[in-house]
Amino acid sequence: MTAKRVAVLGSTGSIGTQTLDVARRHPDKIQIVALAANRSVETVVEQAHEFRVRNVAFGDEAMRDHAMLANVREGVSVGFGQQGILDLVHSDDVDCVVNALVGAAGMRASYETLAAGKQLALANKESLVVAGDLIMPLAKQLDEAAGHPWALMPIDSEHGAIYQCLLGERHEEVAALWVTASGGPFRGRTRDQLSGMTAKEALAHPTWKMGPKITIDSSTLMNKGLEVIEAHHLFDMPYDRIKVVVQPQSAIHSMVEYSDGSVKAHLGTTDMRIPIQFALSYPDRWDAPVEPMDFTKLGKLEFYPVDEETFRCFALAKRAGATGGTLPCVMNAANEVAVAAFLADRCGYLDIDACVEHAMGAHEVQAVESLDQLAEIDAWARAVSREYLGVA
């Protein structure tokens with residue numbers, strides 16, 4: 001079997017580094033050929049040496065003058081800015097792009113990957129939340145041309161679980177998709193209790209190890225709202241048939257309910273290397289990258305409804321998704337600004353959902369037409385959000 005040639009965008013983040021770990025475990029099946037990050041030059045240079053890649057890129061143009069670039073081995077091409085990252089995507093040496101870029105920056109890379117006819121292993125939520133109306137038609141065209149699904153493989157734990165629960169089943173017999181949520185570190189808290197929460201407390205996730213932005217989103221349950229929108233696009237499912245349940249043990253990664261009342265659940269160890277590996281190995285299954293779950297030690301499984309009145313980001317995201325058009329773009333941009341401000345101690349915890357609601361209320365929804373249109377609306381929403389929060 002020829003090794004799949006993989007470009008990893010966001011190679012220094014949580015998903016990126018775990019993708020490289022999967023590659024280390026399966027060097028005969030995965031060849032890392034390109035790496036990209038925003039600013040982490042030293043780490044990318046180390047990764048490039050280890051995997052002997054020929055192409056790297058940095059999203060931040062200011063990295064051109066970084067001293068560590070002198071240590072890049074001879075023959076390695078170094079790109080900068082958005083175009084530098086897109087050049088990696090279009091490289092003839094790349095079969096598959098793992099998009100683990102954080103935020104809206106990864107959206108165009110997803111679009112260009114599929115437009116170039118390459119496989120997209122997607123961990124960047126904003127690609128579908130903001131631009132699902134543009135990206136999914138590209139994936140469907142590639143799937144139809146190949147005669148089987150392959151173009152877009154979700155890396156996200158929940159969507160990877162749903163993907164597997166749907167294998168071999170008929171779409172018309174699906175009654176509901178059940179997306180599971182851990183509930184985050186603040187499950188059971190009231191609005192009054194949340195008002196004084198700090199970034200340190202919000203980053204203390206009880207079951208998953210993730211990057212700071214997605215960890216804050218998990219604490220506000222915005223992450224789960226984003227996943228509902230993603231599920232709508234990925235699986236062509238109406239919003240009224242996508243349900244969310246809090247499952248604190250994070251043992252069930254998601255479920256699919258069928259018309260006869262049967263429910264398929266995907267269970268496993270809480271380690272992102274499992275869904276990452278499946279996205280890269282499908283339709284095959286490789287040896288487990290972690291110790292399998294020991295069901296004799298699991299103890300119990302609990303299920304609770306989502307408290308939408310307390311965790312208002314979840315309800316706002318669902319509203320944005322159901323409304324559609326450009327509203328998810330505004331919702332996402334406002335959330336990114338507010339989360340960054342919260343992590344920098346520039347606003348309070350409850351200011352996050354207040355900022356998102358303010359930006360959504362100020363927007364006149366349009367039909368999605370292009371990436372350039374979405375970029376303009378994204379910039380507008382960020383400016384509105386910064387003004388609301390009083391941050392530069």
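As a reminder, the structure under discussion sits directly above these lines.
About the cut-offs
Residues numbered from 1 in each chain as written. Predicted model: local features only at pLDDT ≥ 70, side-chain atom pairs only at ≥ 80, totals over all residues. Heavy atoms only, no water. Phe/Tyr/Trp six-rings, centres within 6.5 Å; stacked < 30°, edge-to-face > 60°. Helix = DSSP H or I, 4+ residues; strand = E, 2+ residues; numbered from the N terminus. Lys NZ or Arg CZ within 6 Å of the ring centre and 35° of its normal. Expected span 1.5 Å × (residues − 1). Buried < 20%, exposed > 50% of the residue type's maximum accessible area, 1.4 Å probe, protein only. Axes fitted to C-alpha atoms, helices over the stretch in contact; angles between N-to-C directions. Parallel < 35°, antiparallel > 145°, perpendicular 65-115°, else oblique. Contact = heavy atoms within 4.5 Å. Nonpolar A, V, L, I, M, F, W, Y, C, P; charged D, E, K, R; others polar. Pairing = 2+ DSSP bridges.

Q: So what exactly am I meant to see when it comes to the packing of aromatic side chains here?
A: In this description, a pair of aromatic rings is defined by centroid distance and the angle of the planes. On inspection of all chains with the given rule, the structure shows six aromatic pairs. Between Phe-186 and Tyr-349, the aromatic rings sit 5.3 Å apart at their centres with planes inclined by 85°, giving edge-to-face as the arrangement. Of this pair, Phe-186 sits in the loop between β8 (174-181) and α7 (191-194) while Tyr-349 sits in the loop between α13 (327-343) and α14 (351-361), and the two are 163 residues apart along the sequence. An aromatic cluster of three or more residues is present, and its members are Tyr-163, Phe-278 and Tyr-282. The ring of Trp-286 carries Lys-29 above its face, with NZ or CZ at 5.7 Å from the centroid.

Q: I tried to follow α13 on my own but got confused; where do I start?
A: In an α-helix, one turn spans 3.6 residues, which is why side chains three or four residues apart end up on the same side. The end-to-end C-alpha distance of α13, which contains 17 residues, comes to 24 Å, matching closely the 24 Å that a straight helix rising 1.5 Å per residue would cover. Counted residue by residue, α13 has 15 buried out of 17 residues, so it is predominantly covered. Following α13 by one or two positions, Asp-345 adopts a phi angle in the positive range, close to 60°.

Q: What am I meant to see in the packing of helix α9 (residues 212-220) against α13 here?
A: A pair of packed helices is characterised by two quantities: the angle between their axes and the separation of those axes. One can describe the packing of α9 onto α13 by two numbers: an axis separation of 10 Å at closest approach and a directional angle of 100°. Classified by the angle their axes make, α9 and α13 are roughly perpendicular. Touching Pro-212, Lys-213, Ile-216 and Asp-217 of α9 are Asn-335, Glu-336, Val-339, Phe-342 and Leu-343, all from α13. In terms of residue class, the contact of α9 with α13 is built from five nonpolar, one polar and three charged.

Q: Looking at this structure, I do not really get the sheet that holds strand β2 (residues 30-37). What am I missing?
A: Read from one edge to the other, the open sheet built from seven strands follows the order β4-β3-β2-β1-β5-β6-β7, with strand pairing classed as parallel. The outermost strands of the open sheet, each flanked by one partner alone, are β4 (77-80) and β7 (152-154). The average angle at which neighbouring strand axes cross in this sheet is 20°, direction not considered. Looking at chain direction, β2 and strand β3 (residues 55-58) are connected through four bridges and run parallel. Residue pairing in the sheet places Leu-35 in a bridge with Val-56 of β3. Strands β2 and β3 of the sheet are contacted by helix α2 (residues 41-51), whose axis makes an angle of about 165° with β2.

Keep in mind that these numbers describe shape and distance, not what the molecule does.
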